[in-house]
Amino acid sequence: MTRIQWFAASFLVLAGSVTFMLVFAYTAQLTYEVSFQGERFAEDSEIAGIDVSDMTRDEAVDAVRENVEGWQEETHLHLTWFDEEIPVPRESIQFLIEPTVDRRLDDPDASDEGVITAVDQGAVRQSAESFSFREDMRTAVDIDDLTDDIERETASLPDDDLQWMMHGYLNASAQPEEVVIAEASRSNVVTPELQEALDGVTSETIEGGTSFSVMEQLSTPSEDWVDEEPLAALGSAVFEVVASSNFNIEERHHRYALLDSVPMGFDAHLEEDIRDFQFTNPNDYDYELEFNLTGTNLEVTLVGYEFPYDIAVDVFETDNIGTRTKITYSQTQETEDSTTELDNGENGLRVETIRTLSYQDAELDDEPIGQQVLAEDYYAPVHALERRSIDQRQEEEEDEDEDDFPWFDEDFNGFNDEEERDEFEDWLENGEGSDAFEDWLDEGAPGDFDDWLEENGDNGGFDFDNGNGFDFDNGNGADNGFDFDTGNGADNGFDFDTGNGADNGFDFDTGNGADNGLDFDNGNGDDNGFDFGNGNGNGSSPGNGNGTDNGFGPGNGNGNGNGFGPGTGNGNGNGAGPGNGNGNGTFPGGGDPGGKDGSSTKGD
């Protein structure tokens, strides 16, 4: 063998050995993978959208199980019918993960069919029977078709929640029909601007589960925007038909005053970029809102599947607020007695609009499914307005001033009988003192009233007995009443007595006993009442005698009296009536001026 041949043989042996080793190593690895690691998925392999590329069977099972469990926790499953949703229990759906992985390994070229599922028909039937609208859902629903669709749609583990609309699984007798739900019309409200704003808008679809805005459907007119009243009429018509559905109102406004074109309880004020009327269709069905303009008349109609319950809408006037009359006075009013009605006014209102849902075959005493307050509107009253002459105001003010005195009140009970009242009223009209005092005030109260009376020849005083007070007495007893008397005798309260006996009224008595409070007494005993004692006792009123008393009456005698009457005698008295003698009084008395040392001064 030559050297060249030897090298060639060696090279062949060496190459064969390397080739054998490589083949052995690959075969050994392949044998190990097949024998100990199992079959693997090819590249780009998926199960229900889960990437299982290059995974073994066990790895793929773990990956799919993890995704299924996460999907079950996050995804909600429901059966729907109108606005009602019934959940499908999670445990009613079984995911067969291992059979799914094996199926994919056996046929790697097959399309991804998702996870194999099995649905418990009994659990799904129980969910379907939970709808409150019908009691025969067991026989009204095709459960086989429903469970087949649940198995098919859950197999792919979709990202969103799943809902199955019951309409497609109901038999023909149970399926609702499309009808006119409600319609509302408004007359003499359509203007050219409203026609332009609604141009091309004849019907709008309100999809299930979506919101709807009235203002978004209107186009902006080329010139002037739509007036307030046509817009209010449009908004109220839409509100009226929506009220007869189960739609949820999201936004609504009402005006401060109800317009003539808007029925009470259906106010829906619209204003560009500010106020809108919006609502949501909660059903799984779509509905159509139709607009029809005929001349100046507007009609709005809601069309869709008939609801499985009755819907009643009631408007209640919960309060009616009356008006008041506001009066303005004018110097240009022609006659003193004339009154011009500028505005008759309008009562205010509180209004509630309530929607009631009830079962179609419900008895009168059955509870409704539910009630909802759609609107609670308040409209303030518009008060009446009158214009009168300025002269009438002056007369009215004078009347009001007279009414301030209690003796002008018909219920004033300071008189013992009608004869005394009549005598008093006659004095007010014809008496000597009242006109003189008013004349003195009219002249600006010049100087002392007593001096003025002497100069004008009037004996003065609100006086009935000897120029001494509001007193009516007969006999020798004490003076009682709104009384201011002369001398050392007693004077007593709002009282009018007769004879020698007891005092009666808001009384201040005479005698030596103590008197207290609201009392009317006789003689020397104790008095209790709105009473002021006279004599040596102490009370809430001025006394007569040597004691000191304080109260609403004048004091008489040697004591000190403070109250609503002037003092009479040697003491000091302060009060609301004229004083005679040496006392002081708020009303002028008949004594000498000066206020001390035998003088009398006008009080405040």
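Residues numbered from 1 in each chain as written. Predicted model: local features only at pLDDT ≥ 70, side-chain atom pairs only at ≥ 80, totals over all residues. Heavy atoms only, no water.

Caption draft 1: Structural context of the overall build of the protein chain. If you tally the helices and strands in the protein chain, you get twelve helices and 35 strands. Every one of the 604 residues in the protein chain was classed for burial, and the buried ones make up 40%. Across the protein chain, every contact between residues at least 6 apart in sequence was considered, and the portion connecting residues at least 24 apart equals 54%. If you sum the accessible surface of the protein chain, you get close to 32900 Å²; carbon and sulfur atoms cover 44% of it. (Helix = DSSP H or I, 4+ residues; strand = E, 2+ residues; numbered from the N terminus. Buried < 20%, exposed > 50% of the residue type's maximum accessible area, 1.4 Å probe, protein only. Contact = heavy atoms within 4.5 Å. Areas by Shrake-Rupley, 256 points an atom, 1.4 Å probe, with all protein chains shown as cover.)

Caption draft 2: View of the sheet that holds strand 16 (residues 325–330). Taken together, the three strands give an open sheet; going across it, the order is 16-20-17, and neighbouring strands pair in mixed fashion. Where the open sheet ends on each side, the last strands, each with one partner, are strand 16 and strand 17 (339–343). For this sheet the average axis-to-axis angle between neighbouring strands, irrespective of direction, equals 30°. Pairing of strand 17 with strand 20 (residues 384–389), which is carried by four bridges, proceeds in the antiparallel orientation. Its bridge partner being in strand 20, Glu341 is matched across the sheet by Glu386. (Pairing = 2+ DSSP bridges. Axes fitted to C-alpha atoms, helices over the stretch in contact; angles between N-to-C directions.)

Caption draft 3: Here's a closer look at helix 6 (residues 143–154). Relative to the 16 Å expected for twelve residues at 1.5 Å per residue, helix 6 spans 16 Å between its end C-alpha atoms, a close match to the ideal helical length. When helix 6 is considered as a whole, its buried residues turn out to be Ile143, Leu146, Thr147, Asp149, Ile150 and Thr154. Mapping the buried residues of helix 6 onto a view down its axis gives an arc of 160°, with all of them on the same face. Residues of helix 6 that are buried make contact with helix 2 (57–74), strand 3 (77–81), strand 5 (93–96), strand 6 (116–119), helix 4 (121–128) and strand 7 (162–165). Residue Asp142 occupies the N-cap position of helix 6, its side-chain oxygen lying 3.3 Å from the main-chain nitrogen of Asp144. (Expected span 1.5 Å × (residues − 1). Arc of directions from axis to C-beta. Polar contact = N/O pair within 3.5 Å; in protein donor to acceptor, adjacent residues only side chain to side chain.)

Caption draft 4: Spotlight on the environment of Pro99. Among the secondary structure elements, Pro99 is positioned in helix 3 (residues 97–106). Owing to a relative accessible area of 42%, Pro99 belongs among the partly exposed residues under this scheme. For the pair Pro99 and Val61, spaced 38 residues apart in sequence, the C-alpha separation works out to 9.4 Å.

Caption draft 5: Structural context of the packing of helix 2 against helix 3. One way to put it is that helix 2 packs onto helix 3 with a least axis distance of 9 Å and a crossing angle of 130°. Regarding the angle of helix 2 to helix 3, the classification is oblique. The handedness of the crossing between helix 2 and helix 3 comes out as right-handed. Of the residues in helix 3, those touching helix 2 at Arg57, Ala60, Val61, Val64, Arg65 and Val68 are Ile97, Glu98, Val101, Asp102 and Leu105. (Parallel < 35°, antiparallel > 145°, perpendicular 65-115°, else oblique. Left-handed = near helix turned anticlockwise from the far one by under 90°.)

Caption draft 6: Fine view of the pairing of strand 7. The two faces of strand 7 differ: Leu162 and Trp164 on one face are buried, but Gln163 and Met165 on the other face are not. As judged from the four bridges shared by strand 3 and strand 7, these two strands associate in the parallel manner. By the bridge assignment for strand 7, His78 is matched with Gln163.

Caption draft 7: Spatial organisation of the packing of helix 4 against helix 6. Running from N to C, helix 4 and helix 6 point in directions that differ by 110°, and their axes come no closer than 10 Å. Put simply, helix 4 runs roughly perpendicular to helix 6. As helix 4 runs across helix 6, the sense of the crossing is right-handed. Residue-level contacts link Gln121, Val124 and Arg125 of helix 4 to Ile143, Asp144, Leu146, Thr147 and Ile150 of helix 6.

Caption draft 8: Quick look at the packing of aromatic side chains. Here the structure, examined in full by the defined rule, presents 18 aromatic pairs. Ring plane angle 80° and centroid distance 5.7 Å describe the contact between Trp71 and Phe95, whose orientation is recorded as edge-to-face. Here Trp71, found in helix 2, pairs with Phe95, found in strand 5; they are 24 residues apart in sequence, far enough to count as distant. Among the residues examined, Trp71 registers a relative accessible area of 8% and is labelled buried. (Phe/Tyr/Trp six-rings, centres within 6.5 Å; stacked < 30°, edge-to-face > 60°.)

Caption draft 9: Main features of the nonpolar core. Residues Leu234, Val238 and Leu289 are the most contacted members of the largest nonpolar core, which totals 84 residues. Sort the elements by how many residues they give to this core and helix 8 (residues 228–243) lands first, with nine residues. Ignoring any residue separated from it by four or fewer positions in sequence, one finds Leu234 in contact with Leu194, Leu198, Val214, Leu218, Leu270, Phe291 and Leu298. (Core = buried A, V, L, I, M, F, W, Y, C linked by side-chain atoms within 4.5 Å.)

Caption draft 10: Summary view of the side chain of Asn281. Structurally, Asn281 is set in the loop between strand 12 (278–280) and strand 13 (287–294). The class of Asn281 is buried, set by a relative accessible area of 0%. A distance of 3.4 Å separates a polar side-chain atom of Asn281 from the backbone oxygen of Glu207. Not counting residues within four places of it along the chain, the set of residues in contact with Asn281 comprises Ile206, Glu207, Gly208, Gly209, Thr210, Phe247, Asp286 and Tyr287.

Caption draft 11: Main features of unusual backbone geometry. The backbone of Ala48 shows a phi angle near 55°, a positive value even though the residue is not glycine. Looking at the element boundaries, Ala48 is found in the loop between strand 1 (46–47) and strand 2 (50–51). With a phi angle near 60°, Asp54 is a residue other than glycine that sits in the positive phi range. Relative to the assigned elements, Asp54 resides in the loop between strand 2 and helix 2.

Caption draft 12: Up close: a negative patch on the surface. Taken together, the side chains of Glu135, Glu177, Glu306, Asp310, Asp361, Glu363, Asp365, Asp366 and Glu367 define an acidic patch exposed on the protein surface. Examined against the element boundaries, Asp361 turns out to sit in the loop between strand 18 (348–358) and strand 19 (370–379). Its relative accessible area of 73% is what places Asp361 among the exposed residues. (Patch = residues over 30% accessible without salt bridge, like charges linked within 9 Å, V, L, I, M, F, W, Y side chains within 5 Å. Salt bridge = Lys/Arg side-chain N within 4 Å of Asp/Glu carboxyl O. Lys, Arg positive; Asp, Glu negative; His and termini not counted. Charge placed at Lys NZ, Arg CZ, Asp CG, Glu CD.)

Caption draft 13: Region of interest: the environment of Asn456. Along the chain, the position of Asn456 falls in helix 12 (residues 449–456). Along the sequence, Asn456 and Ala436 sit 20 residues apart, while their C-alpha atoms lie 8.7 Å from each other.

Caption draft 14: Spotlight on the confidence of the model for the protein chain. Here the protein chain averages 74 in pLDDT, while 61% of its residues score no lower than 70. Note that residues 458–604 has pLDDT below 50 and, in this model, 433 contacts with residues that lie over four places away or in other chains. (pLDDT = per-residue confidence, 0-100.)

Caption draft 15: Helix 8, seen in detail. Its 16 residues place the ends of helix 8 22 Å apart at the C-alpha level, agreeing with the 22 Å of an ideal helix rising 1.5 Å per residue. Most of helix 8 is tucked away, with 13 of its 16 residues classed as buried.

Caption draft 16: Representation of the pattern of salt bridges in the model. Under the criterion given, the structure shown has 14 salt bridges. The salt bridge partner of Arg152 is Asp149, with a shortest N-O separation of 3.3 Å. Placement of the pair is Arg152 and Asp149 together in helix 6, with a separation of three residues, close to one helical turn. Residues Glu240 and Arg186 are paired through a salt bridge, measuring 2.8 Å at the closest nitrogen-oxygen approach. With Glu240 in helix 8 and Arg186 in strand 8 (residues 178–186), this pair connects stretches of sequence that are 54 residues apart.

Caption draft 17: Region of the structure containing the sheet that holds strand 11 (residues 248–251). Reading across from one edge, 10-12-11 is the order of the three strands in this open sheet, with antiparallel pairing throughout. A single partner strand is all that each edge strand has here, and the edge strands are strand 10 (211–213) and strand 11. Taking each pair of neighbouring strands and ignoring which way they run, the sheet shows an average axis angle of 25°. Two elements, strand 11 and strand 12, share three bridges in a ladder whose sense is antiparallel. Note that in strand 12 the partner of Ile249 across the bridge is Phe279.

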